[in-house]
Amino acid sequence: MAVTKVLARGWKLEVEDPTMTGTWIQVKGLKTFTFSESKEDADTTDFDSGGWAEHMVAQRAKEIGVEAHYLEDKQTGDRDPGQEAVEVYAAKVGEDSLGKFRITSPGGTARTFYASAVVGERGGGINDPSNWNCTLTISGPEQPDA
């Protein structure tokens, strides 16, 4: 089997239903998503370092930035269930603020993780579809699905 390029639109983002453990809801309307990583170093430089800075990684962090179209039924006002579920977690604090999320590649490789959410700006211009975006800050390591 050949390794090939994949289109971003083939990825799928899901959130576990805040009211029903084990039930996954797809977040729809996605336009872009971005994985980002950061690290915090511990300075291990000492007199024996010969004038060279030394360090070790003390902490790693990951985030997923998501941009989507704001989805709503114009007749009922019902929202996209996935976007609504993310918004539920975005309104919580403490331990309850961590939701379970899953992102699956076009080839079916899934990664599950706990994350907090913040929903960003919504809106648009005169001729623009309304946007919806969020940032998921991963808590702990990602887990490959079994």
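Described in the following lines is the structure provided in the data block. (Residues numbered from 1 in each chain as written. Predicted model: local features only at pLDDT ≥ 70, side-chain atom pairs only at ≥ 80, totals over all residues. Heavy atoms only, no water.)

### With respect to the overall build of the protein
Helix and strand counts for the protein stand at 1 helix and 7 strands. The linear arrangement of helices and strands in the protein, starting from the amino end, is β-β-β-β-α-β-β-β. Since a compact globule built from 146 residues should have a radius of gyration of about 15 Å, the 19 Å found for the protein marks it as more spread out than a globular shape. Across the protein, contacts joining residues at least 24 apart in sequence account for 56% of those joining residues at least 6 apart. Carbon and sulfur atoms make up 50% of the accessible area of the protein, which amounts to about 10100 Å² in all. Averaging the positions of the 15 positive and the 24 negative side-chain charges in the protein gives two centres separated by 9 Å. (Helix = DSSP H or I, 4+ residues; strand = E, 2+ residues; numbered from the N terminus. Rg over C-alpha atoms; globule rule 2.2 N^0.38 Å. Contact = heavy atoms within 4.5 Å. Areas by Shrake-Rupley, 256 points an atom, 1.4 Å probe, with all protein chains shown as cover. Lys, Arg positive; Asp, Glu negative; His and termini not counted. Charge placed at Lys NZ, Arg CZ, Asp CG, Glu CD.)

### Overview of the pattern of salt bridges
Following the criterion strictly, the structure yields 7 salt bridges and no others. A salt bridge links Glu142 to Lys62; its shortest N-O distance comes to 3.5 Å. In this pair, Glu142 sits in strand β7 (residues 131-144) while Lys62 sits in strand β4 (residues 55-69), placing the two residues 80 residues apart along the sequence. The salt bridge involving Arg111 is made with Glu142; its shortest N-O contact spans 3.1 Å. Within this pair, whereas Arg111 is found in strand β6 (residues 110-119), its partner Glu142 is found in strand β7, the two being separated by 31 residues in sequence. Of the residues examined, Glu142 reaches a relative accessible area of 17% and is grouped as buried. A network of salt bridges, in which partner residues are shared, links Lys12, Glu14 and Arg102. (Salt bridge = Lys/Arg side-chain N within 4 Å of Asp/Glu carboxyl O. Buried < 20%, exposed > 50% of the residue type's maximum accessible area, 1.4 Å probe, protein only.)

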